[in-house]
Amino acid sequence: MNLKRTILRPIAYLGGLHAQRQLKGFLSAHQRTRQVQDQLLSELLHRHAATTFAADHNFASIRSYEDFKAAVPIRTYDDLRPYMDAVLAGQTTALLPPDQPVLMFSRTSGTTGKPKHIPVTPRFLSEMRRGWNIWGLAALLDHKAAWLRPILQISSPMHESDSPTGKCCGAISGLLARTQKPIVRRMYVVPACVLEIPDPLAKCYATLRCAIEHDVSFITTANPSSTIKLIETGQQHADGLIRDLADGTLNPPGGLPPSVAGQLRFRPNKALARRLEAGIARDGHLLPRHFWNVAFLANWTGGTLKLYLPRLRELFNDAPVRDIGLLASEGRFSIPMADDTSAGVADILGNFLEFIPAGDYGRPNPPVFRADELEVGQEYFLVVTNWAGLWRYSLDDRIRVTGRLGQSPVFEFLSRGLHTANITGEKITEHQVVEAMRRACAVVSARVERFVVQGRFAREPYYELRLEQETGLDMPALAAAMDAELMALNIEYASKRKTLRLGPVQPRALPPGAMEQAERERIRQRLGRGEQYKHQYLLTDVLEDGPGN
């Protein structure tokens, strides 16, 4: 490895110079936030002038930010869906400049169950990569022990389905990995073919098998539960893993597709097998320190995902954790510059950003503030305009401003929307919960009028279905049917269930009258305004189970 690092050092130095220029430009931009944002908005309007969206919203008359606000209302994805559907069908100039072809569609769950497809163009991909370069250089400057050492990236494939015109639909992280600079790709320890393994347990085992023999410097993934699941899979299948190491084989539970098995080759490594056996004998189970010396971990730490951090630190001996920032299929919106905080600097170079005060969110024509106008300590909802064809798009993400860098806000992610629950990235909505119950009742021939669904964080997190027990109601069957319908309605929920990061919906019977009594108490707390009370089918705060659950 030392010889390899010596050979790669000159190439890495040149690549580092480019990243340093990007970091310097990023830091400098925050000293003139309003000017940078005005220039970006002007460029976005100019470059998209030939689109159908521009014609429909009279871009030719826009001369200022005030004109822009008057011409383009704040909107959701469903408001943009006619334009997005046209792009999906191949009519790219409905939303995108003629010189920006669609490379793929980043696919994620929609509010009502129909997936969202975000077009990934060369400019959008470039902005995403620039953000990652800045994030990566800042992290490596703080963790020099990770320099030029292997990287374990846990991501999803870019090809999960096809658009009507044959474009890949999936995770943009897969495209970013595939098109990464050669010097960085050489550092990845898991071959791209592993992402295509359909069985989640086999994929997790194969990922660890590919990575375990390398001197991994850091692990990067969106969700900390993925890193935890990786290590716990190794613990559960330690005997098979040691046997595979000693024999130079790969025999995951569930097996491998022949197309993948033919691409993976290993040599026997009896020394590492013996080291793992000794570590397990000493510590009682397999631990990352038996095979890696990780400099830091990179994943989300905000919102409900902070619940995973104690287990993550337990497994990795309190290794530093660097949040990867507020990023989604729709773009990157913040770049954390320090460990052990979810707060990041607003990415004002890649997005034109606006912010709705949290108390005004959901109201008609709410007040909107620009990036240089926010107050530290206040909470807002993010509105985005960027190179993915998103115009004053309500991201539905609640953030809190924790500080400033120059004239720009530093903010942390708090939660997803007013009616969206999230334990590990699934983002289920109250609409989906109600629809899932309607369908589940049809499946099991039941009638349910009032119920509550709420997330519970446990060793295997899950959603709890609470309803009053009625004669003849098969609650386990209803919960199982609802779980299946949620998977059909929400592709993120289905993914988390299939990869074992979420457990199935669990029913909890309440005594007759319990829900009515609880509602009377909530109405009383609202000063008796019963006419304004609306039953909540989905509670967005997450409960924590006690030890051992």
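Small disclaimer: the values here were computed from a predicted structure and weren't measured.

Reading the values: rules and limits
Residues numbered from 1 in each chain as written. Predicted model: local features only at pLDDT ≥ 70, side-chain atom pairs only at ≥ 80, totals over all residues. Heavy atoms only, no water. Phe/Tyr/Trp six-rings, centres within 6.5 Å; stacked < 30°, edge-to-face > 60°. Lys NZ or Arg CZ within 6 Å of the ring centre and 35° of its normal. Core = buried A, V, L, I, M, F, W, Y, C linked by side-chain atoms within 4.5 Å. Buried < 20%, exposed > 50% of the residue type's maximum accessible area, 1.4 Å probe, protein only. Contact = heavy atoms within 4.5 Å. Pairing = 2+ DSSP bridges. Helix = DSSP H or I, 4+ residues; strand = E, 2+ residues; numbered from the N terminus. Axes fitted to C-alpha atoms, helices over the stretch in contact; angles between N-to-C directions. Parallel < 35°, antiparallel > 145°, perpendicular 65-115°, else oblique. Left-handed = near helix turned anticlockwise from the far one by under 90°. Nonpolar A, V, L, I, M, F, W, Y, C, P; charged D, E, K, R; others polar. Expected span 1.5 Å × (residues − 1). Polar contact = N/O pair within 3.5 Å; in protein donor to acceptor, adjacent residues only side chain to side chain. Salt bridge = Lys/Arg side-chain N within 4 Å of Asp/Glu carboxyl O.

Draft legend 1. Looking closely at the packing of aromatic side chains. Across all of its chains, the model carries 16 aromatic pairs by this definition. An aromatic cluster is present here, built from Phe-53, Phe-59, Tyr-65, Phe-68, Tyr-83, Phe-352 and Trp-391 joined pairwise through their rings. Here the basic side chain of Arg-332 rests over the ring of Trp-132, its NZ or CZ set 4.6 Å away from the ring centre. Sitting over the ring of Tyr-65, Arg-370 keeps its end group 4.6 Å from the ring centre.

Draft legend 2. The nonpolar core, seen in detail. Counting 72 residues, the largest nonpolar core has Leu-152, Trp-292, Phe-316 and Leu-465 as its most contacted members. Setting aside residues up to four positions removed in sequence, Leu-465 forms contacts with Met-437, Phe-451, Val-452, Val-453, Leu-478, Ala-479, Met-482, Val-505, Gln-506, Pro-507 and Arg-508. Counting residues in each nonpolar core, the second largest holds 64 residues, with Leu-80, Ile-172, Leu-353 and Trp-391 among its members.

Draft legend 3. Quick peek at the sheet that holds strand E12 (residues 344–346). Ordered in space as E11-E12-E17-E16-E15-E13-E14, the seven strands form an open sheet in which the pairing is antiparallel. Each having just a single partner strand, strand E11 (334–335) and strand E14 (369–370) make up the two edges of the open sheet. By the bridge criterion, two bridges tie E11 to E12 in an arrangement that is antiparallel. The residue bridging Ile-335 from the neighbouring strand is Val-345, located in E12.

Draft legend 4. Focus on the sheet that holds strand E20 (residues 452–457). Reading across the sheet, the four strands line up as E22-E21-E20-E23 and stay open at both edges, with mixed pairing between neighbours. Looking along the sheet, the strands with just one partner apiece sit at the ends: strand E22 (506–510) and strand E23 (538–544). Across the sheet, the mean angle from the axis of one strand to that of its neighbour is 30°, orientation sign disregarded.

Draft legend 5. A look at the packing of helix H9 (residues 200–211) against helix H11 (residues 238–247). At a minimum axis distance of 11 Å, the contact between H9 and H11 shows a crossing angle of 45°. In terms of orientation, H9 and H11 fall into the oblique class. Viewed along their axes, H9 and H11 form a crossing whose handedness is right-handed. Contact residues: H9 offers Tyr-205, Leu-208 and Arg-209, while H11 offers Gly-240, Leu-241, Asp-244 and Leu-245. Of the residues assigned to the contact of H9 with H11, the class counts are four nonpolar, one polar and two charged.

Draft legend 6. Fine view of helix H16 (residues 475–489). Between the first and last C-alpha of H16 there are 21 Å, a value that for 15 residues agrees with the 21 Å anticipated at 1.5 Å per step. Its buried side turned inward, H16 meets helix H15 (430–444), E20, strand E21 (462–468), helix H17 (491–498) and E22. The opening residue of H16 is Asp-474, an N-cap whose side-chain oxygen sits 3.2 Å from the backbone nitrogen of Ala-477.

Draft legend 7. Expanded view of the pattern of salt bridges. Applying the stated criterion across every chain yields a total of 35 salt bridges. Among the salt bridges present, the one from Arg-34 reaches Asp-372, with a minimum N-O distance of 3.2 Å. Placement of Arg-34 in helix H2 (residues 33–47) and of Asp-372 in the loop between E14 and strand E15 (379–386) is noted, with a sequence separation of 338 residues between them. We note a salt bridge from Arg-313 to Asp-340, for which the minimum N-O separation is 3.1 Å. With Arg-313 in helix H14 (residues 309–315) and Asp-340 in the loop between E11 and E12, this pair connects stretches of sequence that are 27 residues apart. Taking the relative accessible area as the measure of exposure, Asp-340 reaches 49% and is therefore partly exposed. Through salt bridges with shared partners, a single network forms among Glu-43, Arg-123, Glu-127, Arg-130 and Asp-347.

Draft legend 8. Quick peek at H11. When we look at burial in H11, the residues that qualify are Ala-238, Leu-241, Ile-242, Asp-244, Leu-245 and Ala-246. The inward-facing, buried residues of H11 contact H9, helix H10 (224–236) and helix H13 (270–283). Phi turns positive, to about 70°, at Gly-248, one or two residues after H11.

Draft legend 9. Region of the structure containing the pairing of strand E13 (residues 351–357). Burial of E13 is extensive: seven of the seven residues sit out of reach of the surface. Side chains Asn-351, Leu-353, Phe-355 and Pro-357 project from E13 onto one buried face, and the interleaved Phe-352, Glu-354 and Ile-356 project onto a second face that is buried too. Taken together, the seven bridges between E13 and E15 define a ladder with antiparallel strand orientation. When the sheet's bridge partners are listed, Phe-355 is paired in E15 with Leu-382. Where E13 and E14 come together, two bridges link them in antiparallel fashion.

Draft legend 10. Spatial organisation of the packing of H11 against H13. Following both chains from N to C, one finds H11 and H13 inclined at 155°, their axes separated by 7 Å at the closest point. One way to sum up the angle between H11 and H13 is to call them roughly antiparallel. The element H11 and its partner H13 pack so that their crossing is left-handed. Within the contact between the two elements, H11 uses Ala-238, Ile-242, Leu-245 and Ala-246 and H13 uses Lys-270, Leu-272, Ala-273, Leu-276, Glu-277 and Ile-280. Looking at the contact of H11 with H13 residue by residue, the classes come out as eight nonpolar, no polar and two charged.

Draft legend 11. Structural detail: the environment of Pro-198. Within the secondary structure, Pro-198 is located in the loop between helix H8 (182–185) and H9. Spatially, the C-alpha atoms of Pro-198 and Lys-498 are 9.8 Å apart, while their sequence positions differ by 300 residues.

Draft legend 12. The side chain of Thr-207, seen in detail. Residue placement: Thr-207 occurs in helix H9. Residue Thr-207 is classed as buried on the basis of its relative accessible area of 8%. Residues within four places of Thr-207 in sequence aside, it is in contact with Leu-152, Val-190, Val-194 and Leu-230.

Any link to function would need more than the numbers given here.
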